[in-house]
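Results of the structural survey
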Number of protein chains: 2
Amino acid sequence: MDVTLAEISRPGRVDTGEGISAEELALAARNHGIPLEALRYDVTPPGLHYLLIHYDIPLLDPLTWRLHVGGQVGTDLTLGLAELKELPSRTVRVTMECAGNGRARLEPRPVSQPWLVEAVGTAEWTGVPLREVLAAAGADPGAAEVVFTGADHGVERGVEQDYQRSLPLEEAMREEVLLAYEMNGLPLAPQHGFPLRLVVPGWYGMAHVKWLRDIEVVSEPFTGFQQAVAYRLRQAPDEPGVPVTRITPRALLVPPGFPDFMSRTRVVRPGTVTLEGRAWCGRAPVERVDVSMDGGATWAPAVLAEPDGHPWAWRRFTFEWSPGPGRYELSARATTADGEGQPESQAWNRGGFANNAVQRIPVVCLEAE
Amino acid sequence: MDVTLAEISRPGRVDTGEGISAEELALAARNHGIPLEALRYDVTPPGLHYLLIHYDIPLLDPLTWRLHVGGQVGTDLTLGLAELKELPSRTVRVTMECAGNGRARLEPRPVSQPWLVEAVGTAEWTGVPLREVLAAAGADPGAAEVVFTGADHGVERGVEQDYQRSLPLEEAMREEVLLAYEMNGLPLAPQHGFPLRLVVPGWYGMAHVKWLRDIEVVSEPFTGFQQAVAYRLRQAPDEPGVPVTRITPRALLVPPGFPDFMSRTRVVRPGTVTLEGRAWCGRAPVERVDVSMDGGATWAPAVLAEPDGHPWAWRRFTFEWSPGPGRYELSARATTADGEGQPESQAWNRGGFANNAVQRIPVVCLEAE
């Protein structure tokens, strides 16, 4: 028999005008976004945080599971969960977003997990700072990168692999980078990386390796699939591309009023409507949020909540709106301390990464009852 | 201004050959199915149970929330959560499935939440048997139905509504029908109906009204939207149709081996592969499961786990498979004690309800490594 991976695992592609395929739909049914009304919560309730799982959720036994730390280190380490929990711990509130968020709005559409706008969530992660473990192993300070390997195994664009990503050593040594074993005060759920995952505040989700089983300190930049092939900003498939790293600024409104089931168009009635939402960025603090009711023709500043001691998590904003009967298109846009904002339409890239075009919410205001 | 609900909330329709629409995709991104590998667990871990939310998740304050019980009763009741928890309680393990599971495989495709096969989950629900509350209110034993109203509000096919469904009185009086305030030993999550939901073991998910706020005992059959318009088996939009009630038999395999990211095609290698899966039905016990490796040409009996004291939950089945290199299509089909089975292709209905066509999983077995 002539059976090869190539026949079931094809190269990346963009759509050619056909609708969403059954393959994309199967990914959308497995992986899910945050229902936008859950942007109300400072910390996303369990089960509502976005999820993107490349292969399957592995079934790992916490009693036999071990983390190996090796490579350019003084001493290889093999650590069980109980040993990790004896090390110093800290808790960090982190807003995490999928690098492919917004992909399905691009034209042509990169064929992959078809996110619209909802691939985000915020959690309190508790674990051991990675640098404590690197220090315990005696990591070479002259090393280039640290490579993280998960227990999730699959094929992607023809390449069989365990999920692997690297970080430059200086990023790995940041005090808030964690080997997390708790989410919101409970052991990690299977789908969030039980028993251990990497958490890299400020970076898109692909960096936060789940089901972590191996850490290797290396002297040369890592060239594995998820680093050198996937998660690159490129216009053509043969370009080396620019790596996807930190989260670009984005603001999302809780859609006001109530929805139509099928179109998700919102309905409000005349009176004061308190709009609320969340804004975040992994590169610099969000310093300003503006909202528009007319599809971006005019903008007004929203009220941004004071910093709450969680610099890696989203910030709440509000706006008092007094609509009369009519049709509206609501948007919000974040601006950072560095002056970075959000585009009204997204510059295209072939993987559909780092999209932060402004949200657009159709709203009708009916006559008063 | 001439703004009407009709312009944002259109009648039900079937597709005319176009692909999945952005509206359907937005529903798929909000609502999610069980990742099929989670069929491994007897009870679905939090966050992996399927979810179908018609409108938004309401934000309810458990301190001010009340359940009203009225209609054809001796005494109207207004109950808080603490009062409900003082009543007798029981815990029932229930497999719940969305009535629209499988809809997206139909041709033409009913345009709604586009489930493939994954809209299922099993949980342990704890609460007060509904009949205890009906008895406390002195419900008229000659009444026809009980109507349940949730706090979730929206528009559907042009009709503004709170979500409402009814049960015939004799169904409502079944001992295992619960007003549930716990799921898997914890307070209900917001997305599962906090603080209280109805649980009707054996029925499709539309009957299990979430965010319950009102129970009314009525003397005539309820004709609200979700009862008389939606959730009906019909061929044409103007037929009265047959109500959707109990879950038809279905078996699902955990897809074996590992997946390709995009196609979800499975890869195994030669040797023994233990296949496992779950089978359920809301009408009669599942008594037999058969599996096929050749697209349904031949079938072999799986080993069905002994009954485990949870008659409203799925049953596990296993099968030892020894593939050689080649291409396979795996299927499983359940048969109940009443002799009801699963069709190889689904008889079409306009809402895409009660579909239980057999699952089909493409698998390749590579050469040994």
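Just so we're clear, the structure is a prediction, and the values are computed from it rather than from any experiment.

Some remarks on the relation of the copies chain A and chain B
- Placing chain A over chain B gives an RMSD of 0.0 Å and needs a rotation angle of 180°, together with 0.0 Å of translation along the axis. Such values leave the two copies arranged in the relation of a two-fold axis.
- Most of the interface of chain A is mirrored in chain B, where 100% of its interface residues are also at the interface.

Notes on the domain arrangement of chain A
All names here are of chain A.
- As assigned here, chain A comprises domain 1 (5–243) and domain 2 (250–365).
- Distance between the C-alpha centres of domain 1 and domain 2: 27 Å.
- Carbon and sulfur atoms supply 58% of the area that domain 1 and domain 2 bury against each other, a total of about 3000 Å² over both sides.
- Among the residues of domain 1 in contact with domain 2, Leu39, Arg93 and Leu106 are the three that bury the most area, contributing 20% of the side total.
- The interface formed by domain 1 and domain 2 includes two salt bridges.
- The partner of Glu97 in a salt bridge is Arg250, with the nearest N and O atoms 2.8 Å apart.
- Between domain 1 and domain 2 we count 17 residue pairs in polar contact (both at pLDDT 80 or more) in total.
- Elements supplying a minimum of two residues to the side of domain 1 that touches domain 2: strand S3 (90–97), strand S4 (120–129) and strand S11 (232–233).

Concerning unusual backbone geometry
- Between Phe194 of chain A and Pro195 of chain A the backbone carries a cis peptide bond, its omega angle lying at 5°.
- Along the chain, Pro195 of chain A falls in the loop between strand S8 (186–187) and strand S9 (197–199).
- One non-glycine residue with positive phi stands out, namely Arg264 of chain A, at about 60°.
- Within the secondary structure, Arg264 of chain A sits in the loop between strand S14 (258–259) and strand S15 (266–268).
- Since its relative accessible area comes to 13%, Arg264 of chain A is described here as buried.
- Positive phi outside glycine occurs at Ala354 of chain B, with the angle close to 60°.
- Tracing the backbone through its elements, the reader meets Ala354 of chain B in the loop between strand S21 (326–336) and strand S22 (361–365).
- Judged by its relative accessible area of 13%, Ala354 of chain B is buried.

Notes on the sheet that holds strand S13 (residues 250–253) of chain A
Residue and element names in this part refer to chain A.
- In space, the four strands of this open sheet follow the order S13-S16-S20-S19, with antiparallel pairing throughout. Edge strands, defined here as strands with exactly one partner in the open sheet, are S13 and strand S19 (303–304).
- For S19 and strand S20 (residues 315–321), the ladder comprises two bridges, and the chain directions are antiparallel. Note that in S20 the partner of Leu304 across the bridge is Phe317.

Parameters at a glance
- Residues numbered from 1 in each chain as written.
- Chains lettered and ligands numbered in written order.
- Predicted model: local features only at pLDDT ≥ 70, side-chain atom pairs only at ≥ 80, totals over all residues.
- Heavy atoms only, no water.
- Least-squares fit on C-alpha atoms with pLDDT ≥ 70 in both.
- Contact = heavy atoms within 4.5 Å.
- Domains from an automatic or database assignment.
- Buried area = accessible area lost by both parts, 1.4 Å probe.
- Salt bridge = Lys/Arg side-chain N within 4 Å of Asp/Glu carboxyl O.
- Polar contact = N/O pair within 3.5 Å; in protein donor to acceptor, adjacent residues only side chain to side chain.
- Helix = DSSP H or I, 4+ residues; strand = E, 2+ residues; numbered from the N terminus.
- Buried < 20%, exposed > 50% of the residue type's maximum accessible area, 1.4 Å probe, protein only.
- Pairing = 2+ DSSP bridges.

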